[in-house]
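Close look at the chain arrangement
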Amino acid sequence: MDDDLFNELVGSVKEAGQIHRGQLAPSRTFELTAIDVKNIRENIGLSQNDFALTIGVSPRTLQNWEQGHRSPQGPALALLTIFKNDPTNAIKALHQGQ
């Protein structure tokens, strides 16, 4: 490793320490909010079993999400976001091929 890269890495570690101790403000921050799966399901008016069947997960997985033991990831999170924003068309799209 050349000296310039090493010095840049050391500087980054020192800067991270200052941010951690509150001596320096971070250049950017991110706020992550958990999706409220239970609220989405209740707004649609489905039972846990029916909603789990609709989105293709087990009822136990849905319960874990609703109780905060686990968080939906990847395609499940994307599908839940669609249900949150447009439940009528989400249900219609899922049932078109049936």
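In what follows, the structure referred to is the one given above.
Below is a short write-up of the structure. It should be emphasised that the depicted structure is a prediction, and the values quoted were computed from it without experimental measurement. Position numbers for residues start from 1 in each chain and track the written sequence from start to end. At least 70 in pLDDT is required for a residue's local features to be given in this predicted model, at least 80 for side-chain atom pairs to be given and counted, and no such filter applies to totals for whole chains, interfaces and linings, which use all residues. Note: side-chain values were computed over all heavy atoms of the structure, leaving out hydrogens and water.

**Section: the packing of helix α3 (residues 48–55) against helix α4 (residues 59–66)**
- Axis definition: a line fit to C-alpha positions, over the contact stretch in the case of helices; interaxial angles, taken between N-to-C directions, run 0 to 180 degrees. Every helix listed is a DSSP run of H or I at least four residues long, and every strand listed is a run of E at least two residues long, numbered separately from the N terminus. At a minimum axis distance of 8 Å, the contact between α3 and α4 shows a crossing angle of 105°. When the axis of α3 is compared with that of α4, the two are roughly perpendicular. Where α3 abuts α4, its residues Gln48, Asn49, Phe51, Ala52 and Ile55 lie against Pro59, Leu62, Gln63, Trp65 and Glu66. Every angle not falling under 35 degrees, over 145, or within 65 to 115 is termed oblique; those three ranges are roughly parallel, roughly antiparallel and roughly perpendicular. Contacts are assigned to residue pairs that have any heavy atoms within 4.5 Å of one another.

**Observations concerning the packing of aromatic side chains**
- Aromatic rings from Phe, Tyr and Trp, with only the six-membered ring used for Trp, were paired whenever their centres fell within 6.5 Å, and each pair was classed as stacked if the ring planes differed by under 30 degrees, edge-to-face if by over 60, and tilted otherwise. Going through the model one piece at a time under the given rule, you end up with one aromatic pair.
- Look at Phe51 and Phe83: their rings are 5.5 Å apart centre to centre, the planes differ by 85°, and that puts the pair in the edge-to-face class. Taken together, the residues Phe51 in helix α3 and Phe83 in helix α5 (residues 74–85) connect sequence positions 32 residues apart.
- Relative accessibility decides the category of a residue: with a 1.4 Å probe and only protein chains considered, values under 20% of the type maximum give buried, values over 50% give exposed, and everything between is partly exposed. Under the relative-accessibility criterion, Phe51 is labelled buried at 0%.

**Describing a nonpolar patch on the surface**
- Patches draw on residues past 30% relative accessible area with no salt bridge. Two like charges within 9 Å are joined, as are two nonpolar side chains (Val, Leu, Ile, Met, Phe, Trp, Tyr) within 5 Å. The Shrake-Rupley method, run with a 1.4 Å probe sphere, supplies the accessible areas, and residue values consider only the shown protein chains as cover. The salt bridge definition used is simple: a Lys or Arg side-chain nitrogen within 4 Å of an Asp or Glu carboxyl oxygen. A surface patch of nonpolar side chains, about 440 Å² in accessible area, is lined by Met1, Leu5, Phe6 and Leu9.
- Given a relative accessible area of 46%, Phe6 falls into the partly exposed group.

**Quick word on a negative patch on the surface**
- In this tally Asp and Glu are treated as negative and Lys and Arg as positive; neither His nor the chain ends contributes. Charged groups are reduced to one reference atom each: NZ for lysine, CZ for arginine, CG for aspartic acid, CD for glutamic acid. On the surface, a cluster of negative charge is made up of Asp2, Asp3, Asp4 and Glu8.
- In this fold, Asp4 is placed in helix α1 (residues 3–20).

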